[in-house]
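# Analysis of the macromolecular model
Spelled out from the first residue to the last, the chains are:
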Amino acid sequence: MSEPLPENMEVPPAVPENPDDPAVRLAELEKDYSCLQEKYLRLQKQSILEKISIETGCTDPAYLEFCAGRQGIDTGDPEALRGFARELSAHSPGCFNARITPGSSAGSSVISPPSAGQDEGFYGDRIGAIARSISDAPEAVGR
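Bear in mind the structure is a predicted one, so any value in this text is a computation, not a measurement.

## As for the overall build of the protein
Helices and strands together make up the secondary structure of the protein, namely 4 helices and 0 strands. The helix and strand sequence of the protein, counted from the amino end, reads α-α-α-α. Residue burial in the protein is summarised as follows: out of 143 residues, 15% are buried. The contacts in the protein between residues at least 6 apart in sequence include a share of 46% that link residues at least 24 apart. Working note: accessible area of the protein is about 12100 Å², and carbon and sulfur atoms make up 56% of it.

Right, dumping it as structure tokens:
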């Protein structure tokens, strides 16, 4: 009678009696096909995830995938993922690109400078005062 194998020893995979048997070959091909289908679906979800990350300005697609998974959002659904990414950017802005607007203010309304001949308004008062103080500076120093 044979003794049982030690627990740390691996059992070699079963070798079919006839490897050229069509049923064995078909089973192998079906297994390979299912693995390729899983890989294709994984790559498709990864592509959607990266595309949405670029659109929404997410700098870490893995974090977006992690958070979406925790919330039960399907990463294969672009619309659901896009909406979730916008929501996440409001709550966790650290993993998203900064939204920068042109001009010196951080606000969304940009005031255009006045054109020549018009009332200088907001910009003219400050710029004019600075220009006068610079032109008067040598006189104040005593030159």
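## Quick notes on the nonpolar core
Counting 13 residues, the largest nonpolar core has I52, L64, L81, F84, L88 and F96 as the members making the most contacts within it. Among the elements of the structure, α1 (22–56), α2 (61–71) and α3 (78–91) are those that each provide at least two residues to this core. For this core, the element with the most residues is α3, which contributes 4 residues. The residues touching F96, leaving out its near neighbours within four places in the chain, are T56, G57, C58, T59, A85, L88 and S89.

## Remarks on the side chain of S89
In this fold, S89 is placed in helix α3. Note on S89: relative accessible area 14%, which makes it buried.

## Some points on the side chain of T75
Tracing the sequence through the fold places T75 in the loop between α2 and α3. What makes T75 buried here is its relative accessible area of 11%. In contact with T75, not counting residues within four places along its chain, are K45, I48, E65, A68 and L81.

## Details of the pattern of salt bridges
Inspection of every chain in the model, using the stated rule, returns 4 salt bridges. For the salt bridge of R25 with E28, the shortest nitrogen-to-oxygen distance reads 3.4 Å. Taken together, the residues span about one helical turn, with R25 and E28 both in helix α1 at a distance of 3 residues. A relative accessible area of 37% places E28 in the partly exposed class.

## Comments concerning α2
Along an α-helix, residues three or four positions apart point the same way, because every turn accommodates 3.6 residues. Those residues of α2 that sit buried are L64, C67 and A68. Each buried residue of α2 sits inside an arc of 100° when the element is viewed along its axis, so together they form one side. What points out from α2, more than 90 degrees from its buried face, is the exposed set G69 and R70. Looking at the packing, one finds that the buried side of α2 touches α1 and α3. Looking at the residues trailing α2, positive phi occurs at G72, about 80°.

## Quick look at the packing of α1 against α3
At a minimum axis separation of 10 Å, α1 and α3 run at an interaxial angle of 40°. In terms of orientation, α1 lies oblique with respect to α3. Judged by the twist between their axes, the crossing of α1 over α3 is right-handed. Here I48, L49, I52, E55 and T56 of α1 lie close against α3, whose contacting residues are P78, L81, R82 and A85.

About the cut-offs
Residues numbered from 1 in each chain as written. Predicted model: local features only at pLDDT ≥ 70, side-chain atom pairs only at ≥ 80, totals over all residues. Heavy atoms only, no water. Helix = DSSP H or I, 4+ residues; strand = E, 2+ residues; numbered from the N terminus. Buried < 20%, exposed > 50% of the residue type's maximum accessible area, 1.4 Å probe, protein only. Contact = heavy atoms within 4.5 Å. Areas by Shrake-Rupley, 256 points an atom, 1.4 Å probe, with all protein chains shown as cover. Core = buried A, V, L, I, M, F, W, Y, C linked by side-chain atoms within 4.5 Å. Salt bridge = Lys/Arg side-chain N within 4 Å of Asp/Glu carboxyl O. Arc of directions from axis to C-beta. Axes fitted to C-alpha atoms, helices over the stretch in contact; angles between N-to-C directions. Parallel < 35°, antiparallel > 145°, perpendicular 65-115°, else oblique. Left-handed = near helix turned anticlockwise from the far one by under 90°.

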